[in-house]
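Chain by chain, the residues run as shown.
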Amino acid sequence: MQSKGTTGSAISGVIAIFLVLVCLFYLSFTWVTNRYEKKGQEYALAIANGDANSEAYTKAYKNYIDSIGKEKVYPVFGYTFNQVQKMGVGLGLDLKGGMNVILQVDMPDMLRSMSASGADSVFERALAATNALVRSNQADDYVGTFVQEYRRIDPNADFSTIFTDIKPGTDASNVASVLKSEVKDRVENSATNVLRKRIDQFGVVSPNIQVLQGKDGQILLELPGVKDHERVRELLQRSANLEFYETYTAPQVTPALQSLSAAMMADTTYTGRPLLSYFQNMEYAGGATVAYVADAQAMAEVNAILASPLAKQILPSDLKLRWGVKPKVTQVGGADGNAVEKVLGYELYALKTTNGKAVLDGSCVVEARSDYNDRQRGNEVSMTMNSEGSRAWA
């Protein structure tokens, strides 16, 4: 009996040591992540002149984290920063603090976008009645209540002519369930993707984005580590805006950028790099692309220069400089004669504003559709504008 007890104790001890090692293994990823996040915070503070609540700090921190995403930061095992982040122990709101919020998708606009031919007077009356019932807490099923109110106003309504997702012959009792399914798909596949992209701008690690079941268009967000709640809330609720700008050409803008770079170096209090040193390629042709930079960190530092008082004094007041979303890639001839890809970098575009705004916005677009261009061998968007848009565009 004593021998069995000794053996059992030894096995228990081995298992306990194994579990401790496993815990230490995963905790080590958290330690590495925290170390590099701290470096990112220090870098962002330096860029933002010590203001941790500024937009410059948020952008600089995100750009730093993005720039080291594919670097090997755990040399013992060869893991990149992105891999280390995923494998570490996630700290929730209870340990790391942060923000917990429920967002409601604009259901009237959602239903309008699902309609086959736009909202008519009956449609709008049904929406108004549904809104009144939901706001007075007399109903919590938005889609189901809308279908009921529409039938109350128009008992003979054929929903297959109102919504593209309702097939002819669909049983009246199934209309609400079909619409609910479409709403759920749009929220899960579109709204959550938009939110995730916006959250990524703040460098939030392991955010929780969850579509609430049984709640039409409601999304739960848990954002560990977020401090500036008001700024995050404003960003999450912001509507995406389609805008049309006139553009400067590179030759029109380049002299002003050269003057800014020279003025920076003439300033004895400035200790950083000159503006032009960040540009690995500059354009001198007639397009709106001015230059290219290598990575997100260079973009953050250029943004800080362009936001400086000196830049506002030298650059044209109606000039708005904006970055492309992805690095531009072009095809060049390789040594063997075959085409190879060359990364030019992130494009810097020169936009021209009118009283600080775009010439046109999305309200002038009457219809838009996606087409395939056989000549260009790619997708394109065709748009039809109203009379105001057509005049401005011409």
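All values reported here derive from a predicted model rather than from experimental measurement.

## Regarding the overall build of the protein
A tally of regular secondary structure across the protein gives 13 helices and 15 strands. Taking all 394 residues of the protein together, 35% fall into the buried category. The long-range share in the protein, meaning contacts at least 24 apart out of those at least 6 apart in sequence, stands at 59%. For the protein, the exposed area adds up to about 23900 Å²; of that, 51% sits on carbon and sulfur atoms.

## Structural notes on the packing of helix H7 (residues 142-153) against helix H8 (residues 175-200)
Orientation of H7 relative to H8, taken along the N-to-C sense of each, is 135°, at an axis distance of 9 Å. Overall, the two elements H7 and H8 adopt an arrangement that is oblique. For the pair H7 and H8, the crossing hand works out as right-handed. Residues Val143, Gly144, Val147 and Arg151 of H7 form the contact with H8, whose own contacting residues are Val175, Ala176, Leu179, Lys180 and Val183. Taken together, the residues that form the contact of H7 with H8 break down as 6 nonpolar, 1 polar and 2 charged.

## Section: the environment of Gln210
Here Gln210 lies in strand E4 (residues 208-211). In this structure, Gln210 is in contact with Gln218, Ile219 and Leu220, ignoring residues within four places of it in sequence.

## Let's talk about a nonpolar patch on the surface
On the surface, a nonpolar cluster with roughly 580 Å² of combined accessible area is contributed by Ile17, Val20, Leu21, Leu24, Leu27 and Trp31. Residue placement: Leu21 occurs in helix H1 (residues 2-47).

## What about H7?
Note on helix geometry: an α-helix contains 3.6 residues per turn, so any two residues three or four positions apart are oriented the same way. Here H7 spans 16 Å end to end across 12 residues, near enough to the 16 Å set by a 1.5 Å rise per residue. Burial in H7 covers these residues: Tyr142, Val143, Gly144, Thr145, Phe146, Val147, Glu149 and Tyr150. Where H7 is buried, its residues contact helix H5 (107-114), helix H6 (121-135) and H8. With a side-chain oxygen lying 3.0 Å from the backbone nitrogen of Gly144, the N-terminal cap of H7 falls on Asp141.

## With respect to the packing of aromatic side chains
The final tally for this structure, using the stated rule, is 6 aromatic pairs. Ring geometry for Phe123 against Phe163: centres 5.8 Å apart, planes inclined by 50°, an arrangement best described as tilted. Of this pair, Phe123 sits in helix H6 while Phe163 sits in the loop between H7 and H8, and the two are 40 residues apart along the sequence. Of the two residues, Phe123 and Phe163, neither departs from the other in class, the shared state being buried. Among the aromatic residues, ring-to-ring pairing joins Phe123, Phe146, Tyr150, Phe159 and Phe163 into one connected group. Lying across the ring of Tyr36, Lys39 places its NZ or CZ 4.7 Å from the centre.

## Topic: H8
A rise of 1.5 Å per residue sets the reference length of H8, with its 26 residues, at 38 Å; its end C-alpha atoms lie 37 Å apart and thus fit the reference within 8%. Most pronounced at Val187, the bend in H8 amounts to some 35°. Turning to H8, its buried residues are Val175, Ala176, Leu179, Glu182, Val183, Val187, Ala191, Thr192, Leu195, Arg198 and Ile199.

## Examining the nonpolar core
If you look at the biggest cluster of nonpolar residues, it comprises 36 residues, and the most contacted ones within it are Phe146, Phe163, Leu221 and Leu236. Here this core gets 8 residues from one element, more than from any other, and that element is H8. Judged by nonpolar contacts, the second largest core, of 25 residues, contains Leu275, Leu306, Leu348 and Ala350.

## Here we look at the pairing of strand E12 (residues 339-352)
With 2 bridges joining them, strand E7 (residues 246-247) and E12 adopt antiparallel strand pairing. Opposite Glu246, over in E12, you have Lys352 as the bridge partner. Here strand E9 (residues 289-293) runs beside E12; their pairing, made up of 4 bridges, is antiparallel. Note on E12: the bridge partner recorded for Val293 is Tyr346.

## Regarding the pattern of salt bridges
This model, assessed by the stated rule, comprises 6 salt bridges. Put simply, Asp141 and Lys180 hold a salt bridge, and the shortest N to O gap is 2.6 Å. Of the two residues, Asp141 sits in the loop between H6 and H7 while Lys180 sits in helix H8, which places them 39 residues apart along the sequence. Judged by its relative accessible area of 28%, Asp141 is partly exposed. A relative accessible area of 27% places Lys180 in the partly exposed class. Arg186 serves as the salt-bridge partner of Glu182, at 2.7 Å between the closest nitrogen and oxygen. Taken together, the positions of Glu182 and Arg186, both in helix H8 and 4 residues apart, correspond to about one turn of that helix. Judged by its relative accessible area of 27%, Arg186 is partly exposed. It is possible to trace a salt-bridge network through shared partners that takes in Asp109, Arg112 and Glu124.

## A look at the side chain of Glu301
Note that Glu301 resides in helix H11 (residues 296-306). Apart from residues no more than four positions distant in its own chain, Glu301 is found in contact with Tyr43, Ile47 and Tyr278.

The rules behind each value
- Residues numbered from 1 in each chain as written.
- Predicted model: local features only at pLDDT ≥ 70, side-chain atom pairs only at ≥ 80, totals over all residues.
- Heavy atoms only, no water.
- Helix = DSSP H or I, 4+ residues; strand = E, 2+ residues; numbered from the N terminus.
- Buried < 20%, exposed > 50% of the residue type's maximum accessible area, 1.4 Å probe, protein only.
- Contact = heavy atoms within 4.5 Å.
- Areas by Shrake-Rupley, 256 points an atom, 1.4 Å probe, with all protein chains shown as cover.
- Axes fitted to C-alpha atoms, helices over the stretch in contact; angles between N-to-C directions.
- Parallel < 35°, antiparallel > 145°, perpendicular 65-115°, else oblique.
- Left-handed = near helix turned anticlockwise from the far one by under 90°.
- Nonpolar A, V, L, I, M, F, W, Y, C, P; charged D, E, K, R; others polar.
- Patch = residues over 30% accessible without salt bridge, like charges linked within 9 Å, V, L, I, M, F, W, Y side chains within 5 Å.
- Salt bridge = Lys/Arg side-chain N within 4 Å of Asp/Glu carboxyl O.
- Expected span 1.5 Å × (residues − 1).
- Polar contact = N/O pair within 3.5 Å; in protein donor to acceptor, adjacent residues only side chain to side chain.
- Phe/Tyr/Trp six-rings, centres within 6.5 Å; stacked < 30°, edge-to-face > 60°.
- Lys NZ or Arg CZ within 6 Å of the ring centre and 35° of its normal.
- Bend = angle between axes of the 7 residues up to and from the residue.
- Core = buried A, V, L, I, M, F, W, Y, C linked by side-chain atoms within 4.5 Å.
- Pairing = 2+ DSSP bridges.

Any link to function would need more than the numbers given here.
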